Amino acid sequence: MVVHGRGLEDYGFGAGHPFNPIRLRMTMELCDALGLLDGYDFVEPEPATEEDLLTVHSLTYLRLVQEASRGEGDAADLLQYGIGSQDNPVTPHLHEACARVVGAVLGACRMVIAGEATHAMCISGGLHHALRSRASGFCFYNDAGVAIARLKEEHPGIRVAYVDTDAHHGDGVQWMFYDDPDVLTVSMHESGRYLFPGTGGTEERGNNGGVGYSVNAPLQPYTDDGSWISCFDALIPVLLRAFGPDIIISQNGCDGHALDPLTHLSATTRFYEHVPRKIHALAHELCGGRWVATGGGGYDIWRVVPRAWTALWAAVSHQELPEKIPAGWLGKWGKQSPVEPSALMRDDPADYPPIDRAPEIADRNARTTEAVLEKVLPLIS
Amino acid sequence: MLLVGDSMSREVVTVSPETTAMEALGLCREWRIRHLPVIDGEQLVGIVSDRDLRSATPALGDPDRASALQRIRALEVMTREPVTAHPDDPVESAANAMRERWIGCLPVVEDDTLLGIITSSDVMEALVYLVGAHEPGSRLEVVVPDHPGTLAGAAGIFGELGINIVSVAMGARREEMPDGSPGRAVVFRVDTVNPGRAAEVLEQAGYRVLWPPVAPV
């Protein structure tokens, strides 16, 4: 099921800011041009209510975002909450736009739990940096956080696995459920020493009753497909099988691609095809297929995002990924693109030769992954 | 900022000189701590660690253990006249006192009264706060020329770009500027996902950016 609508393209900060919602339009049009949307319904759930948002955000913060959204509020006060910074600029109707994104992911989760759809994709979601009382990293409200908190209220005892392969640490979602053994958060990301937000070290493993249920695998800069895929395969299936989720929520940011301007990882489309296929298989193996896939970061909007998230949709909808990009789509978007867009859905490995240090990087990542597993696996039940 | 008084624990579990090893070890277990200041009246007279207590008593399984635990008093195994800190001491001097003497904590004393205790974990926490590592941010490593005003110049660039600085650390480490002249490395943590623009402007202004990588112009 596709959870999308034009209203979900209002959240973003336009040209000049890396988080540009045009990437959603380009992705949906690419899926459509490839015929991958034929026979699928579009669903756009109701926006999140204040009560929904207050499951994980503070009332003070919510009111400030609403004020800012109406063009009110004191700029210095707002800035104390991350509102109106360079990264998180205030746009008109910001509150409404972001509440729609949260509502979309929450609605997707509810429909999947109710059995109205086996899987759902909502690429406008994935705002994983939003904190309880702070806008951070282009995110105001935390869609996965609200969805998980609501699922827990509506289905006491439910176990949720959250798998985050954005290049940045999934800090907001992690901190919201840091004490909670019913929510397993796993984040694989570029090491915080080199990349925002700076957290996500292996020693962050949860707290109190939730020790072991927050898992972090920080990767070295310039990590390539081979190393990331082998770490992903070593970590995710073992953790998810040990945990036994009732639903999987994945954050599928695609900013770990070699072309991404904000990060230093070196993945290609191979990784972005592999991850959703693997999560798909795990959802069927472990929880009756219940899986909600969200978007996230991705700042090479011309070459990377539409292809990576089309591959995501192909996995969610059990379809083969075509090889070529239709001429019509290329003609329309290629004209606007400042860079030469790819004519093929998959990257050519020859264009991404391994760097000299690749074996050392792979070795370091493998050791990190092994060490993380050794520490947390005995704690998960 | 960064004083012992800000970083210490104020709730201190203490014992008297007459406390038995059994009770003292029980307190260590219960509170998950390793050091107990020994107080006589109001006055600090010593400090006893779980290790002092263990090495003074027979090993587990030894038939004499139980009676020894009951018999031995804190007074007999404690370190007398322990090294202490004052709440107004800078945290780095407490850290250095612990590092030089290979000890894990210092009782904090003012006018002969025990006010708190500072441990190596407290010092670590102060370090985390000092570098702002608990707040979201991106890390930049920049080499600035080793003469007056250059740190302000680099910091000013963030201001012009509207990027808030979370923390700055500048140490004694020397690095070379691109032209071989002496410089010092500075670590900035800044509140933005995208430090790339700042890195470019810093390079254009003649600073050397060690991280993040700046695309050649």
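Reading guide: rules and limits
Residues numbered from 1 in each chain as written. Chains lettered and ligands numbered in written order. Predicted model: local features only at pLDDT ≥ 70, side-chain atom pairs only at ≥ 80, totals over all residues. Heavy atoms only, no water. Helix = DSSP H or I, 4+ residues; strand = E, 2+ residues; numbered from the N terminus. Rg over C-alpha atoms; globule rule 2.2 N^0.38 Å. Buried < 20%, exposed > 50% of the residue type's maximum accessible area, 1.4 Å probe, protein only. Contact = heavy atoms within 4.5 Å. Areas by Shrake-Rupley, 256 points an atom, 1.4 Å probe, with all protein chains shown as cover. Lys, Arg positive; Asp, Glu negative; His and termini not counted. Charge placed at Lys NZ, Arg CZ, Asp CG, Glu CD. Buried area = accessible area lost by both parts, 1.4 Å probe. Salt bridge = Lys/Arg side-chain N within 4 Å of Asp/Glu carboxyl O. Polar contact = N/O pair within 3.5 Å; in protein donor to acceptor, adjacent residues only side chain to side chain. Nonpolar A, V, L, I, M, F, W, Y, C, P; charged D, E, K, R; others polar. Axes fitted to C-alpha atoms, helices over the stretch in contact; angles between N-to-C directions. Parallel < 35°, antiparallel > 145°, perpendicular 65-115°, else oblique. Left-handed = near helix turned anticlockwise from the far one by under 90°. pLDDT = per-residue confidence, 0-100. Pairing = 2+ DSSP bridges.

S.K.: Please clarify how the overall build of chain A should be interpreted in this entry.
M.R.: From N to C terminus, chain A includes twelve helices and eight strands. The C-alpha radius of gyration of chain A comes to 19 Å, within 12% of the 21 Å expected for a compact globule of 381 residues. Seen through its C-alpha atoms, chain A measures out along the principal axes to roughly 50 × 50 × 40 Å. Residues counted as buried form 61% of the 381 residues belonging to chain A. Taking contacts inside chain A between residues at least 6 apart in sequence as the whole, the part at least 24 apart equals 78%. Counting every atom, chain A has about 13700 Å² of accessible surface; 50% of that belongs to carbon and sulfur. Positive and negative side-chain charges of chain A, numbering 29 and 50 respectively, have mean locations separated by a distance of 2 Å.

S.K.: What's the story with the interface of chain A and chain B in this structure? I'm lost.
M.R.: Size of an interface: often given as the accessible area lost when the parts come together. Between chain A and chain B, the residue contacts involve 22 residues of the former and 18 residues of the latter. Roughly 1500 Å² of surface becomes buried between chain A and chain B when both sides are summed, with 55% attributable to carbon and sulfur atoms. A per-residue breakdown of the area chain A buries against chain B is headed by Q86, R193 and F196 of chain A, which together make up 31% of the total. For the pair chain A and chain B, the interface holds two salt bridges. The shortest N-O distance in the salt bridge between E141 of chain B and R193 of chain A comes to 3.5 Å. Seen at the junction of chain A and chain B, the total is six residue pairs in polar contact (both at pLDDT 80 or more). Split by residue class, the side of chain A that touches chain B holds ten nonpolar, seven polar and five charged.

S.K.: In this structure, what is going on with the pattern of salt bridges? I would like to understand it.
M.R.: It is possible for side chains of opposite charge to pair when their charged atoms get near one another. All names here are of chain A. For the coordinates displayed, the defined rule picks out 28 salt bridges over all chains. The residue R63 makes a salt bridge to E50 at a minimum N-O spacing of 3.1 Å. You can see R63 sitting in helix α3 (residues 59-69) and its partner E50 sitting in helix α2 (residues 50-53), a full 13 residues away along the chain. Look at the salt bridges and you will find they share partners, linking E9, R25, E29 and K332 into a network.

S.K.: What should I look at first to understand unusual backbone geometry in this one?
M.R.: With the exception of glycine, the majority of residues adopt a negative phi angle, and the majority of peptide bonds are in the trans configuration. In this model, F196 of chain A is joined to P197 of chain A through a cis peptide bond whose omega is -5°. For P197 of chain A, the location among the structural elements is in the loop between β5 (183-190) and β6 (214-219). Here the bond from W211 of chain B into P212 of chain B is cis, since omega is 0°, no more than 30 degrees from zero. Here P212 of chain B lies in the segment after β9 (208-211). In the Ramachandran plot, R32 of chain B falls in the positive-phi region, its phi being about 55° despite a non-glycine side chain. Counting through the fold element by element, R32 of chain B comes out in the loop between α2 (21-31) and β1 (35-40). You will see that D112 of chain B, though not glycine, has its phi angle at about 65°, which is positive.

S.K.: Whenever I open this one, the packing of helix α8 (residues 150-160) of chain B against helix α9 (residues 196-204) of chain B confuses me. Can you help?
M.R.: Geometrically, a packed helix pair is captured by the angle between its two axes and the distance between the axes. Residue and element names in this part refer to chain B. Contact geometry of α8 with α9 gives a least axis separation of 10 Å together with a crossing angle of 140°. Relative to α9, α8 is oriented oblique. You can see that α8 and α9 cross each other, and the crossing is right-handed. Here α8 contributes A154, I157 and F158 to the contact with α9, which in turn contributes A198, V201 and L202. Of the residues that constitute the contact of α8 with α9, the class distribution is six nonpolar, no polar and no charged.

S.K.: Explain the confidence of the model for chain B to me, please; I cannot follow it from the model alone.
M.R.: Predicted coordinates in areas of low pLDDT are best not read in detail. Averaged over every residue, the pLDDT of chain B is 91; residues scoring 70 or more account for 99%. Model confidence for the complex: the whole-complex pTM is 0.87, and ipTM, which rates the interface, is 0.83.

S.K.: What am I meant to see in the sheet that holds strand β7 (residues 165-176) of chain B here?
M.R.: Pairing between sheet strands relies on hydrogen bonds along the backbone, with the strands arranged either parallel or antiparallel. Residue and element names in this part refer to chain B. The strand order β7-β8-β6-β9 describes an open sheet built from four strands, whose pairing is antiparallel. One side of each edge strand has no neighbouring strand; the edge strands of this open sheet are β7 and β9. Across this sheet, the average inter-strand angle for adjacent strands is 25°, counted without regard to direction. Pairing geometry for β7 and strand β8 (residues 182-190), over eight bridges, is antiparallel. Bridged to E175 within β8 is G183. Strands in contact with α9 are β6 (138-145) and β9; relative to β9, the strand with the most contacts, it is inclined by about 145°.

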